[in-house]
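Below, each chain spelled out in residue letters.
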Amino acid sequence: QEAVFGSSKDLHLRYQVRNAETGGVEVKEREVTVETPPGIDHGMNLRLSGQGAEGDPGAPRGNLIVQVIVDDDEYFQRDGSDVHTEVPISVVQAILGGT
């Protein structure tokens, strides 16, 4: 349902950067909030400008690329960009309509 309607997810990032002073590798961690738009599909990439790792001293952060994984849903089924579901209704509802 989140893929259909869009959602907001908090991601915990853990990444490595090279320490310019020591030449060693540092492990850094931080949180990033990702807004997924309605209709996102499995395998799509989101580019978060300025949310990537640090660049050279004084340079801005790079871009963070997030690959989306959409799990199957019990209620909704996707068919390309269409979303389907089945709801049982009576013959009277089919003829007269209903809510």
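Now for a description of the structure that goes with this document.

Calculation criteria
Every chain is numbered on its own, with residues counted from 1 as its sequence reads. Whole-chain, interface and lining totals are the exception, using all residues; otherwise, since this is a predicted model, local features are given only for residues with pLDDT of at least 70 and side-chain atom pairs are given and counted only at 80 or more. Hydrogens and water molecules were not included; the side-chain quantities draw on all heavy atoms of the structure. We count a stretch as a helix when DSSP gives it H or I for four or more residues in a row; a strand needs E for two or more, and each element gets its number in order from the N terminus. Radius of gyration: C-alpha atoms only; globule rule: 2.2 Å multiplied by the number of residues to the exponent 0.38. A 1.4 Å probe rolled over the protein chains alone gives each residue an accessible area, and that area as a share of the maximum for its type sets the label: buried under 20%, exposed over 50%, partly exposed in between. Note on contacts: a residue pair is in contact if any heavy atoms of the two residues lie within 4.5 Å. Here the accessible surface of atoms and residues is derived via Shrake-Rupley with a 1.4 Å probe, and residues count as covered only by protein chains that are part of the display. Residues scored as charged are limited to Lys and Arg (positive) and Asp and Glu (negative), so that His and the chain ends carry no count. Where a charge lies is defined by one atom per residue type: Lys uses NZ, Arg uses CZ, Asp uses CG and Glu uses CD. Here a polar contact means two N or O atoms within 3.5 Å. Within protein one must be a hydrogen donor candidate and the other an acceptor candidate, and residues neighboring in sequence count only if both atoms are side-chain atoms. Here is the rule: rings of Phe, Tyr and Trp (six-membered ring for Trp) pair when centre to centre is within 6.5 Å. Planes less than 30 degrees apart are stacked, more than 60 are edge-to-face, and the remainder are tilted. Residues qualify for a patch when their relative accessible area is over 30% and they have no salt bridge, like charges being joined within 9 Å and the nonpolar side chains of Val, Leu, Ile, Met, Phe, Trp and Tyr within 5 Å. A pair is scored as a salt bridge if a Lys or Arg side-chain nitrogen falls within 4 Å of a carboxyl oxygen belonging to Asp or Glu. Only when DSSP finds a minimum of two bridges between them are two strands counted as paired.

Each helix and strand counted, the protein has two helices and six strands in total. Across the protein, helices and strands are ordered from the amino to the carboxyl terminus as α-β-β-β-β-β-β-α. In terms of overall size, the protein is more extended than a compact globule, its C-alpha atoms giving a radius of gyration of 22 Å where 99 residues would be expected to give roughly 13 Å. Along the first, second and third principal axes, the C-alpha atoms of the protein reach 75 × 20 × 20 Å. Counting only residues that meet the buried cut, the protein has 18% of its 99 residues in that class. Relative to all contacts within the protein whose residues are 6 or more apart in sequence, the contacts with residues 24 or more apart total 38%. For the protein, the exposed area adds up to about 7,800 Å²; of that, 50% sits on carbon and sulfur atoms. If you average the places of the 8 positive and of the 17 negative side-chain charges in the protein, the two averages end up 11 Å apart.

Now for the environment of E26. Residue placement: E26 occurs in strand β2 (residues 25–36). Separated by ten residues in sequence, E26 and Q16 place their C-alpha atoms 5.5 Å apart. What E26 contacts, discounting residues up to four positions off in sequence, is Y15, Q16, V17 and N19. A polar side-chain atom of E26 sits 2.5 Å from a polar atom in the side chain of N19.

Evaluated as defined, the whole model comprises two aromatic pairs. Following the ring pairs from residue to residue traces out a cluster consisting of F5, Y75 and F76.

Together, D10, E29, E31 and E35 give the surface a local cluster of negative charge. When residues in the negative patch are grouped by element, the largest group, three residues, is from β2. Here E35 is to be found in strand β2. Note on E35: relative accessible area 54%, which makes it exposed.

The next subject is the pairing of β2. Summarising the sheet, strand β1 (residues 7–18) and β2 pair through twelve bridges and their orientation is antiparallel. Bridge assignment links R18 to a residue of β2, and that residue is V25. Hairpin connection of β1 to β2: six residues between the antiparallel strands, including G23 at a positive phi of 80 degrees.

With that out of the way, let us pick up the environment of R30. With respect to the element layout, R30 can be found in strand β2. With 51 residues separating them along the chain, R30 and S81 place their C-alpha atoms 34 Å apart. Once residues within four sequence positions are removed from consideration, R30 is found in contact with L11, H12, L13, Y15, Q51, G52, A53 and R61.

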